[in-house]
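Residue-level structural notes
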Amino acid sequence: MAMGRPRFDPRQQQRGFQIRVNHRIRVPEVRVIDANGEMLGVLQTHEALKRAQDLGLDLVEVNPKAEPPVCKILDFGKYKYEEKKKTAEAKRKQTVVDVKEVKLRPKTDDHDIDVKIRAARRFIEAGHKVKFTVRFRGREITHPEKAQEQLNTIIQAVEDVANVETRAMMEARAMTVMIAPKPAIMQRVAQLKVQREKERQQAEREGRQLPPESSVSALEDEDDDDDDDDDDDDDDEGEGDKA
């Protein structure tokens, strides 16, 4: 008889480290810290739980690896809220460097290259790296010097705000170069992020809502539209080659 696939149990995804609270604490005794942070010593678990219940609070295991485990008497709902708030704040303070890709073709004209340079400068000034990709079609790959010339022009146009991280190289039927914000730009981005966080906290205290932060998605959409136009040109070119 063939063995069937094991049934998927969605509960398995939720398993892992979970904070034990109240009756979920199964050990016979625990070391207890009261709601004021004072050490009460080692107590029988049922006695520690009764003390927490008498105060209208919870008994929460905060260090399960200790011997015996350490528990604290506190408001578990408030504790979860504070932990979630700390995690969100730490995430906001992280500086995430994304790589934005700007695509062009050897036949991209000077005006479109200027548009892409302006977009790249916005990406860089927002703290992102930028990868320029020149894609070749058909016989264009026999003239890589055109792509090299375009990339050199771009690098010179952004050299005041960016450093070349990876020099121009061939990747299949494309030539790429990677640039990254200069340290001074990253420092300014970090300062702006700190200022933004202060404004957010102030607005939260005053019950105001800050406007959403500016996004670079519109620029990405603009670049995608340009690439679609290039692809249309590729189709026309392909038909001409076949003729």
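Structure first, text after, so check above.
Because the structure is a prediction, the values reported are computed rather than measured.

**A closer look at unusual backbone geometry**
Put simply, glutamate 67 and proline 68 share a cis peptide bond, and its omega is -5°. In this model, alanine 172 sits at a positive phi of 55°, which is unusual for a non-glycine residue. According to the relative accessible area criterion, alanine 172 is exposed, its value standing at 73%.

**Observations concerning the sheet that holds strand 6 (residues 129–135)**
In a beta sheet, neighbouring strands are held together by backbone hydrogen bonds and run either parallel or antiparallel to one another. The four strands are arranged 5-6-8-7 in an open sheet whose pairing can be described as mixed. In the strand order of this sheet, the two ends are held by strand 5 (99–104) and strand 7 (162–170), each with one partner. Sheet twist, expressed as the average angle between the axes of neighbouring strands with direction ignored, equals 15°. Sheet contacts for helix 4 (residues 110–125): strand 5, strand 6, strand 7 and strand 8 (174–181); angle to strand 5, the most-contacted strand, approximately 175°.

**Some details on the environment of methionine 178**
Within the secondary structure, methionine 178 sits in strand 8. Along the primary structure methionine 178 and threonine 133 are separated by 45 residues, whereas in three dimensions their C-alpha atoms are 8.9 Å apart. Filtering out sequence-adjacent residues up to four positions away, methionine 178 remains in contact with Val99, Lys129, Val130, Lys131, Asn163, Val164, Glu165 and Thr166.

**Side note on helix 5 (residues 144–158)**
Along an α-helix, residues three or four apart share an orientation, since each turn contains 3.6 residues. Given a rise of 1.5 Å per residue, 15 residues ought to cover 21 Å, and the 22 Å separating the end C-alpha atoms of helix 5 matches this to within 8%. Inspection of helix 5 places Ala147, Gln150, Leu151, Ile154 and Val158 among the buried residues, and these make up the whole buried set. The buried side chains of helix 5 occupy one side of the element, clustering within an arc of 95° when seen end-on. Buried positions along helix 5 lie against strand 5, helix 4, strand 6, strand 7 and strand 8.

Each value, and the rule that gives it
- Residues numbered from 1 in each chain as written.
- Predicted model: local features only at pLDDT ≥ 70, side-chain atom pairs only at ≥ 80, totals over all residues.
- Heavy atoms only, no water.
- Buried < 20%, exposed > 50% of the residue type's maximum accessible area, 1.4 Å probe, protein only.
- Pairing = 2+ DSSP bridges.
- Helix = DSSP H or I, 4+ residues; strand = E, 2+ residues; numbered from the N terminus.
- Axes fitted to C-alpha atoms, helices over the stretch in contact; angles between N-to-C directions.
- Contact = heavy atoms within 4.5 Å.
- Expected span 1.5 Å × (residues − 1).
- Arc of directions from axis to C-beta.

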